[in-house]
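Chains, contacts and geometry: an overview
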Amino acid sequence: MTACPVLSVVVPTFNERDNIAPLIQRLQGILGDLHWEVVFVDDDSPDGTAGLVRELAARDARVRLVHRVGRRGLAGACIEGMLATTAPYVAVMDADLQHDARLLPEMLRTLQAEDLDLVVGSRHVAGGSLGTWSEDRQLASRVATRLSQLVLKADLKDPMSGFFMLRRELIDEVVRDLSGIGFKILLDIFISAKRPLRFKELPYTFGVRVAGSSKLDSMVATEYILMLLDKTVGRYIPTRFIPFAFIGGLGVFVHMGVLWVLFRGLGASFVAGQTAATLVAMTFNFFLNNFFTYRDRRLRGWGLLRGWLSFTLACSVGAVANVGIATYLFHATPAGGVWWVISAIAGIIVGAVWNYAVTAVYTWNQGSAAASAR
Ligand code: GDD
Ligand code: MN
């Protein structure tokens, strides 16, 4: 009988086909006869990364795969990878060879020898560097790092690092509190821990991507802000309610615009105006929420149509309450002035809370058993 590996290297992948074999080869060379494994967590990459990992695993039992279907996200993938292993030491690194695997043995030695929770591969301590980064990206990274210092209590020089190793106990300690949104899993771990973490930063130079392309896009910035929000206000309200409410706020403008045109401009009745405005705002909100709030569960193709239908259906009840309450208030208050605006907003608020709760469950399957089975 063989015991579980001492070290597990968790590697999130999305369209990294050409990097898999070189990475495994590197790990084999560097980790040698240490008892290790590598867990690739692939989000059903269209380029067939998962299939290739399976092929290579047939030749080397140290190669493992977590194949996620219908989900996306770097941080979430890392969390599932960490949970899929029983190794006492777990490293997280990118598949594209930008993280220097030669640092792994030193990370492990440090973690085993010293009283630490985790070891971070750092580009911002003496001896480390960003390598060949464009001015733009260096600036973006600096801004993000500054921002993180608002919520981070530790003196961590490279909180944006995606390359680190931790003790299994730390995973168990923080896993239930992780936000799991976006790219910054290390920062997530630091903010989620309820005590100061004992850590050490080891320098390395960020390499150049060999094959494939970066998944870093403008969404990563949005998700970063969401993660920070989640870590602050998110403690008191459901995570996704923040973007949902924000989009709802935009929807109010759409709603009011349509209502203004129909009711004030074209002389339609208030009921007709409020109903039409609710429908337009509902559709607007559905698409924006599908794009941002539920990015990781984004509905596509026919699912989009089904989602829009269920969103509209579920929201219809909210809309009836909305129009009902707004109309009641409109008639109960003095004619003229801004009472029509106040009536409309009261209707919207009742509708919004209802919409969030119901569509989370029925449109995007949030928190239902069906969601994980899909
Ligand atoms: N499973 C999964 N799902 N993996 C993903 C996803 C996803 O949605 N998005 C990206 N990945 C994988 C990539 O395949 C790659 O292995 C790794 O995550 C990093 O993605 P890149 O697209 O190469 O990111 P980067 O190089 O711009 O940024 C990396 O380096 C930064 C600096 O250290 C990331 O590690 C950042 O977190 C890090 O801040
Ligand atoms: Mn990369």
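Rules used throughout
- Residues numbered from 1 in each chain as written.
- Chains lettered and ligands numbered in written order.
- Predicted model: local features only at pLDDT ≥ 70, side-chain atom pairs only at ≥ 80, totals over all residues.
- Heavy atoms only, no water.
- Disulfide = S-S within 2.5 Å.
- Buried < 20%, exposed > 50% of the residue type's maximum accessible area, 1.4 Å probe, protein only.
- Phe/Tyr/Trp six-rings, centres within 6.5 Å; stacked < 30°, edge-to-face > 60°.
- Lys NZ or Arg CZ within 6 Å of the ring centre and 35° of its normal.
- Pairing = 2+ DSSP bridges.
- Helix = DSSP H or I, 4+ residues; strand = E, 2+ residues; numbered from the N terminus.
- Axes fitted to C-alpha atoms, helices over the stretch in contact; angles between N-to-C directions.
- UniProt positions renumbered as here; feature names shortened; annotations may be inferred.
- Contact = heavy atoms within 4.5 Å.
- Polar contact = N/O pair within 3.5 Å; in protein donor to acceptor, adjacent residues only side chain to side chain.
- Salt bridge = Lys/Arg side-chain N within 4 Å of Asp/Glu carboxyl O.
- Domains from an automatic or database assignment.
- Buried area = accessible area lost by both parts, 1.4 Å probe.
- Nonpolar A, V, L, I, M, F, W, Y, C, P; charged D, E, K, R; others polar.

Observations regarding the state of the cysteines
Note: disulfide means a covalent bond formed between the sulfur atoms of two cysteine side chains. For the coordinates displayed, the defined rule picks out 0 disulfides. Take Cys4: it sits in no disulfide, and the sulfur closest to it among the cysteines is that of Cys78, at 20 Å. Judged by its relative accessible area of 1%, Cys78 is buried.

Here we look at the packing of aromatic side chains
Within the structure shown, the criterion is met by 15 aromatic pairs. Their ring planes at 80° and their centres at 5.5 Å tell us that Phe263 and Phe270 sit as a pair that is edge-to-face. Assessed through its relative accessible area of 5%, Phe270 is described here as buried. Relative to Phe292, the ring of Phe291 lies with its centre 5.1 Å away and its plane at 75°, an arrangement referred to as edge-to-face. Phe291 sits in the partly exposed class, given a relative accessible area of 40%. Three or more aromatic residues link up through ring pairs in this structure, and these residues are Phe286, Phe287, Tyr294, Phe311 and Trp364. When the ring centre of Phe206 is taken as reference, the NZ or CZ atom of Arg123 above it lies at 5.2 Å.

Overview of the sheet that holds strand 2 (residues 36-42)
Strand order in this open sheet of 7 strands is 3-2-1-4-6-5-7, and the pairing throughout is mixed. Every other strand in the sheet has two partners, leaving strand 3 (63-67) and strand 7 (199-203) as the edge strands with one partner each. Strand after strand, the sheet turns through a mean of 20° between neighbouring axes, direction not considered. As defined by bridge partners, strand 1 (residues 7-13) adjoins strand 4 (residues 89-92) across 4 bridges and the pair is classed as parallel.

Considerations on the UniProt feature "transmembrane region" (unreviewed entry) in the protein
In the UniProt entry, the feature "transmembrane region" (unreviewed entry) is given for residues 241-263, 269-288, 308-331 and 337-358. Taken as a whole, residues 241-263 contains 100% helix and 0% strand, while its terminal C-alpha atoms sit 30 Å from one another. Here residues 308-331 runs as 100% helix and 0% strand, with 32 Å between its end C-alpha atoms.

Brief notes about the environment of Asp44
Mapped onto the elements, Asp44 comes out in the loop between strand 2 and helix 2 (49-57). With 25 residues separating them in the primary sequence, Asp44 and Val69 have C-alpha atoms 5.6 Å apart. Ignoring sequence-local partners within four residues, the contact set of Asp44 consists of His67, Arg68 and Val69. Within the structure, the side chain of Asp44 is placed 2.7 Å from the side chain of His67, a separation counted as a polar contact.

As for the pattern of salt bridges
Summed over all chains, the structure comprises 18 salt bridges. In this structure, Asp96 engages Arg209 in a salt bridge whose closest nitrogen and oxygen atoms are separated by 3.1 Å. Within this pair, whereas Asp96 is found in the loop between strand 4 and helix 4 (104-113), its partner Arg209 is found in the loop between strand 7 and helix 8 (218-232), the two being separated by 113 residues in sequence. Relative accessible area serves as the criterion here: at 3%, Asp96 is assigned to the buried category. A single network of salt bridges, built from pairs that share partners, joins Asp115, Asp117, Glu173, Arg195 and Arg198.

A few points about the side chain of Thr85
Mapping Thr85 onto the fold places it in the loop between helix 3 (74-83) and strand 4. Judged by relative accessible area, Thr85 falls into the buried class, the value being 3%. At 3.4 Å, the side chain of Thr85 and the side chain of Ser8 are in polar contact. Of the polar contacts made by the side chain of Thr85, one reaches the side chain of Glu37; its length is 2.8 Å. In this structure Thr85 touches Ser8, Glu37, Arg64, Val90 and Arg168, once residues within four positions along its chain are discounted.

A word on the pairing of strand 6 (residues 164-167)
A two-sided burial pattern is seen for strand 6, the buried positions comprising Phe164 and Leu166 on one face and Met165 and Arg167 on the other. As paired strands, strand 4 and strand 6 are joined by 4 bridges and run antiparallel to one another. Within the sheet, the bridge partner assigned to Ala91 lies in strand 6 and is Met165. As paired elements, strand 5 (residues 118-122) and strand 6 share 3 bridges and run antiparallel to each other. Counted as the bridge partner of Leu118 is Leu166 from strand 6.

What about the domain arrangement of the protein?
Assigned domains of the protein: these are domain 1 (7-232) and domain 2 (241-373). With centres defined by C-alpha atoms, the gap from domain 1 to domain 2 works out at 39 Å. In this complex, domain 1 contributes 10 residues to the contact, which on the side of domain 2 involves 6 residues. Across the interface of domain 1 and domain 2, roughly 670 Å² is buried in total on both sides, 64% from carbon and sulfur atoms. Per-residue buried area on domain 1 facing domain 2 is highest for Arg72, Met219 and Leu226; these three make up 56% of the total on that side. Counting across the domain 1 and domain 2 interface gives 0 salt bridges. Of the residues in the side of domain 1 that touches domain 2, the class split is 3 nonpolar, 2 polar and 5 charged.

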